[in-house]
Structures are given as C-alpha cells and as structure tokens.
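Take a look at the letters that make up each chain.
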Amino acid sequence: AQSVTQLDSQVPVFEEAPVELRCNYSSSVSVYLFWYVQYPNQGLQLLLKYLSGSTLVKGINGFEAEFNKSQTSFHLRKPSVHISDTAEYFCAVRIGKTSYDKVIFGPGTSLSVIP
Amino acid sequence: GAVVSQHPSWVICKSGTSVKIECRSLDFQATTMFWYRQFPKQSLMLMATSNEGSKATYEQGVEKDKFLINHASLTLSTLTVTSAHPEDSSFYICSARSWGLVETQYFGPGTRLLVL
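In this report, we go over the structure that sits alongside the text.

Each value, and the rule that gives it
- Residues numbered from 1 in each chain as written.
- Chains lettered and ligands numbered in written order.
- Predicted model: local features only at pLDDT ≥ 70, side-chain atom pairs only at ≥ 80, totals over all residues.
- Heavy atoms only, no water.
- Buried < 20%, exposed > 50% of the residue type's maximum accessible area, 1.4 Å probe, protein only.
- Helix = DSSP H or I, 4+ residues; strand = E, 2+ residues; numbered from the N terminus.
- Pairing = 2+ DSSP bridges.
- Disulfide = S-S within 2.5 Å.

**Quick look at the pairing of strand E10 (residues 87–95) of chain A**
Residue and element names in this part refer to chain A.
- Across the nine residues that make up E10, a large majority, nine, are buried.
- Relative to strand E12 (residues 109–114), E10 runs antiparallel, the two being bridged by three bridges. Bridge assignment links Ala87 to a residue of E12, and that residue is Leu111.
- Alignment of E10 against strand E11 (residues 103–105), held across three bridges, turns out to be antiparallel. By the bridge assignment, Arg94 is partnered in E11 with Val103.

Written as structure tokens, this is what we have:
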C-alpha cells in the first residue's frame, strides 16, 4: 500500500535560520509529489510540485524541494525562514497520472518560527 | 489560477439533523472532485472521490449512507452529512481536478462543522 511519512511532527526553528522538512513515500509506480501549507483555520495552499524533469523544484515563498527517487524522498527546504512561515506543512503524493487518481497526504509537520 | 469555493464556511447544527456542504469550481470544469476530512491537529483523510455523472467511490471505513455525495454537474459537488452526531464535527475540505488540469488539484477553503 502507498503511504507518505513525515518524520517530524513538530519543527521549531529560529527566525532567519534554514529549515528542512522531511517527506518519504512508498510507491512502486510513478508519482507526482506536492507540498502544501495550511495556515490556522484555512484551507490548503500549494507550495510546489514535482511532476517530472529536474529533481530540484522551486516553489512560492522561497521554498524548494528535491526529489530523490532512490531514497523515495521529497524534502522541503528554505534557507531563511520568517515568522510568517509558521504553519502546518503537508507532503502529498499522487499515485498514478490520470484524472481519477487520488492524492494521499502525510501526517503533517508543524513549523514554528521563533523570533 | 483555478478557484474552488465551499459553502458554508462554517456551520453549527443540532445532533440528528442533516447538513449539506457545497463545493464549486469557479473557473474550470471539474470532472473529478474529492472530499477530505480533517480533525484538529491531524492530516487530511480522503473520504471519497466523485466523478461527474456517476456514483462516488468511498474510501474504506467511510459510511456512504451517512456521507452522501452528489456530483451532478461539472462545477458542483455536494456532501450531505445525514443525521449528524458530535463525532462528525470536523473540517471538511473539497478538492477539484479537471482533464485540462490533470496535473494539479485545487482545494477549497474548507467547511468547519460543529454538531452539538
């Protein structure tokens, strides 16, 4: 069965420090990979996605992620975080590439930026 | 970019009543819509997948008679929580995908349901 793992449930980091949020998935077929951010009491916002091509993907708000097929990972990074980055971050995997394939979410990582 | 709306954004109801949540794709035709449920401090759990004009496909453990999903048009899907109970209180999020947007799934802002 396919699954998504986010090993860190909570990540505290000081403002302007770098951060990495880890994501690993299990799948034997082609996948699309996504990172979403959710601010308190709000819906999801897409940060970035990997569909194919370059394994380094750049997204909004200065975030980037690298797809590593051999390690089945898609870690999210930001070189310098801001207070406004405090939110819940979800890694998601879409198994298959048709319009009907579903997206599976990881358990989420709560990023807290400390001033 | 594509926009998905949900209505209402929040609802409070008495136990035993039914609640309908609407999900609309505002600027594209959504051939497939997904309904998720999110409990506090937890991830999104897929409840069901609905394709326009056909019956929804429910995930294991989701009661299809309790969570009625209708995808009658290419821009509207509804989720009805029948005979709601306090344990149904949650954040419900819909998502939509189109043939033309097959690589991206757009999410609605969510509906917070509180059953008293």
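**A closer look at the state of the cysteines**
- Summed over the entire model, instances satisfying the criterion amount to two disulfides over all chains.
- Each sulfur in the disulfide pair Cys23(A) and Cys91(A) lies 1.9 Å from the other. A torsion of -65° about the S-S bond marks the disulfide between Cys23(A) and Cys91(A) as left-handed. Residue Cys23(A) is found in the loop between strand E3 (19–21) and strand E4 (24–26), and its partner Cys91(A) is found in strand E10; the two are separated by 68 residues along the sequence.
- Here Cys23(B) connects covalently by a disulfide to Cys94(B), the sulfurs 1.9 Å from one another. Disulfide Cys23(B)-Cys94(B): the torsion about the S-S bond is 75°, which places it as right-handed. One end of the pair, Cys23(B), is in strand E3 (residues 19–25); the other, Cys94(B), is in strand E9 (residues 90–97), and 71 residues separate them in sequence.

Structural measurements only, silent on function.
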